[in-house]
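Chain and residue survey
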Amino acid sequence: MTNKKHSAVLIPGDGIGPEVSSAVIRVFEAVDAPIQWAEHLAGIAALDAGDDVLPNSTVEAISAAGVALKGPCTTPVGEGFTSVNVQLRKRLNLYAAVRPVRNLNGVSTRFDGVDLVILRENTEGLYSGVENQVTDDVVMSMKVATETACSRMARWAFRYATQRKRKKITVFHKANIMKMTDGLFLRCARQVHQRDYPNIEYDEVIIDAGCMKLVQDPTQFDVLLLENLYGDVVSDLCAGLVGGLGVVPGANIGDECAVFEAVHGSAPDIAGKGIANPLALIMSSVMMLNYIADQRGDERCRAAAAKIKTAYDKTLDDGQKTRDLGGELGTNEFTDALIDRI
Ligand code: NAI
């Protein structure tokens, strides 16, 4: 391995994306992370450059590198192009989304001891994008579930729980109403549990009651397994338990490659103001370094990840925070404070 650098695609994204992406670049330079960035466009930024919203060259570059860090991409509401995020996850078959949600030092919230992992099936459900105009006044959206994707996700989840020494998986579902689609999701999870992973505790909760339980006492949960839309919504709910969208990282993982991105979107309300919290993307980049270390056995990546994590913990502990966390720092000032502690 010696001095060789790993190539990783960087997609700055839209809105606050370029601001928080620059923070990651600076932090990686400060720890001398063995990563060579290859910048590619997607989203509005790609359209503005006269390209497709998701250029083939971007998808091919991620396939070749095996890893990418992605800033958020804006999706028009109620009209316009299909979400870049959804397209990317489908085209690269990034079927498992992982979102760890934990309390951070120095960020006080209603609950202590929150340590959840949200695992979201990333390729089907209501995100299949099959919508039809049935008659002039009737539209329809199709929820798709396949045994292949449900079982694949269930296997991934139980393997993850085993490797990470987690104790319990809870499936959030609505199979009382969506008997076929959510019913299939449940059946696949039960089967994988009973057949291959009986040592991991397993339970199921109807999603509405599950949301109530989460906000009453999130510490009763460990790993949550959800289909696509539920995983999206519950991720933001859980982010709210630990300080908000500025502190929750994520990964979209497939068998061939992985794209790391924060849970938050492009935050148009604060874009360009220099106040976005870069931590969620920085935390996502730490996940990326650990993923490369696991996949390729490069301990330099694990060491760089550990340095960054120690530095941001210390920064928050010292009360140095962005405004979303009750502090006063802007994006660059927070990044400076973090780099000072490396
Ligand atoms: P959002 O996550 O962009 O913003 C929700 C709220 O959280 C806003 O008040 C925003 O200012 C705040 N916020 C988000 N990230 C923050 C950060 N790092 N620091 C401080 N405050 C932060 O969600 P919204 O407004 O629903 O979506 C905006 C756009 O982002 C939409 O076009 C949506 O489609 C897109 N989006 C993209 C995602 C992705 O690329 N993975 C994920 C979610 C949304």
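What this report covers is the structure whose coordinates are included nearby. Within each chain, residue numbers correspond to sequence positions counted from 1 in written order. This being a predicted model, a pLDDT of at least 70 is required before a residue's local features are given, and a value of 80 or more before pairs of side-chain atoms are given or counted; all residues contribute to the totals for chains, interfaces and linings. Side-chain measures here rest on the full set of heavy atoms in the structure, leaving out hydrogens and waters.

Details of the nonpolar core
Core analysis: the largest hydrophobic core is formed by 92 residues, its most contacted members being Leu119 and Met288. Looking at this core, the element that brings in the most residues is helix α9 (residues 279-296), giving 11 residues. Residue ranges for the domains originate in an automatic or database domain assignment. Structurally, this core is a two-domain feature, drawing no fewer than three residues from each of domain 1 (1-103 + 244-342) and domain 2 (110-242). Apart from residues no more than four positions distant in its own chain, Leu119 is found in contact with Ala97, Val98, Met153, Trp156, Ala157, Tyr160, Val223, Leu224, Leu225 and Leu226. We define the nonpolar core as a collection of buried residues of types Ala, Val, Leu, Ile, Met, Phe, Trp, Tyr and Cys that are connected through side-chain atoms lying within 4.5 Å of one another. Categorising residues by exposure relies on relative accessible area from a 1.4 Å probe, with only protein chains included: less than 20% of the type maximum marks a residue as buried, more than 50% marks it as exposed, and the intermediate range marks it as partly exposed. Formed by 17 residues, the second largest nonpolar core is a distinct cluster that contains Ala42, Leu54, Leu88 and Leu92. Per the convention used, a helix needs a DSSP run of H or I reaching at least four residues, while a strand needs a run of E reaching at least two, with both numbered from the N terminus. Any pair of residues with heavy atoms lying within 4.5 Å of one another is described as a contacting pair.

With respect to the packing of helix α1 (residues 17-31) against helix α11 (residues 331-340)
Here the axes come from fitting lines to C-alpha atoms, over the contacting stretch only for helices, and the angles between their N-to-C directions go from 0 to 180 degrees. Look at α1 against α11: their axes get within 10 Å of each other, and the N-to-C directions meet at 15 degrees. Of the possible angle classes, the one that applies to α1 and α11 is roughly parallel. The hand of the α1/α11 crossing is right-handed. Of the residues in α11, those touching α1 at Glu19, Ala23, Arg26, Val27 and Ala30 are Thr331, Asn332, Thr335, Asp336, Leu338 and Ile339. Note on terminology: angles under 35 degrees are roughly parallel, angles over 145 are roughly antiparallel, angles of 65 to 115 are roughly perpendicular, and the others are oblique. Whether a crossing is left-handed or right-handed is set by the direction in which the near helix is turned from the far one by less than a right angle, anticlockwise for left-handed and clockwise for right-handed.

Considerations on unusual backbone geometry
The phi dihedral of Asp32 falls on the positive side, at around 55 degrees, and the residue is not glycine. Mapped onto the fold, Asp32 is located in the loop between α1 and β2 (35-39). Despite not being glycine, Asn93 shows a phi value in the positive range, around 55 degrees. Tracing the backbone shows Asn93 in the loop between α4 (84-91) and β4 (96-102). By relative accessible area, which is 36% here, Asn93 ends up partly exposed.

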